[in-house]
Amino acid sequence: MAHVQTGLWNDVRNAQTLAWMITGRLLSGCPSLPAWVPHIHSRAVFAQSTERRYRRWLDNPAIDPGQIYGPLVTRALWDWGQHTLVLALDTSMLFERFCLIRVAVLFR
């Protein structure tokens, strides 16, 4: 929670939802929302309730990923120290006209 409580939220519940989504994603090792549910602590009785809450969060127009992502990554890399930062670039051509470049930080 310390990494996502940056004051960018209109409600602390949005920060908590994001923290649990990140936790579920990391522990499941899978990008599928249903795979995250077993790793989530929630008052929801049914797994589909938790999944539905995450889908609503992802579709919320009041949440700006660009405004959240920059400070989140900066905070996560703050203690990187003198360790070497290794980036991986993955390129894909779209419609033989556009080049999409994904950048990933290699960790562990």
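Residues numbered from 1 in each chain as written. Predicted model: local features only at pLDDT ≥ 70, side-chain atom pairs only at ≥ 80, totals over all residues. Heavy atoms only, no water.

S.K.: Tell me about the overall build of the chain, residues and numbers included.
M.R.: A tally of regular secondary structure across the chain gives 4 helices and 2 strands. Ordered by position in the sequence, the α and β elements of the chain form the string α-α-α-α-β-β. For the chain, the residues scored as buried account for 19% of the 108 residues in total. Across the chain, every contact between residues at least 6 apart in sequence was considered, and the portion connecting residues at least 24 apart equals 30%. Accessible surface for the chain amounts to roughly 8600 Å². Of this, 57% is attributable to carbon and sulfur atoms. (Helix = DSSP H or I, 4+ residues; strand = E, 2+ residues; numbered from the N terminus. Buried < 20%, exposed > 50% of the residue type's maximum accessible area, 1.4 Å probe, protein only. Contact = heavy atoms within 4.5 Å. Areas by Shrake-Rupley, 256 points an atom, 1.4 Å probe, with all protein chains shown as cover.)

S.K.: Please set out the side chain of Glu51 residue by residue, giving values where relevant.
M.R.: The topology assignment puts Glu51 in helix H3 (residues 47-58). A residue is classified by how much of its surface remains accessible, and Glu51, at 19% relative accessible area, is buried.

S.K.: Explain the pattern of salt bridges residue by residue, including any values.
M.R.: Within this structure, the stated rule accounts for 2 salt bridges. With a closest N to O distance of 3.0 Å, Arg55 and Glu51 form a salt bridge. With Arg55 and Glu51 both in helix H3, this residue pair falls 4 residues apart, about one helical turn. We note a salt bridge from Asp90 to Arg102, for which the minimum N-O separation is 3.3 Å. Pair noted here: Asp90 is in strand S1 (residues 86-94) and Arg102 is in strand S2 (residues 98-106), with a separation of 12 residues, a long-range link. Residue class for Arg102 comes out partly exposed when judged on its relative accessible area of 45%. (Salt bridge = Lys/Arg side-chain N within 4 Å of Asp/Glu carboxyl O.)

S.K.: Give me the lowdown on the confidence of the model for the chain, citing residues and values where you can.
M.R.: Counting all residues, the mean pLDDT for the chain is 78, and 85% of those residues have values of 70 or more. For the chain, helix H4 (residues 65-77) is the element with the lowest average pLDDT, namely 74, and S1 is the one with the highest, namely 90. (pLDDT = per-residue confidence, 0-100.)

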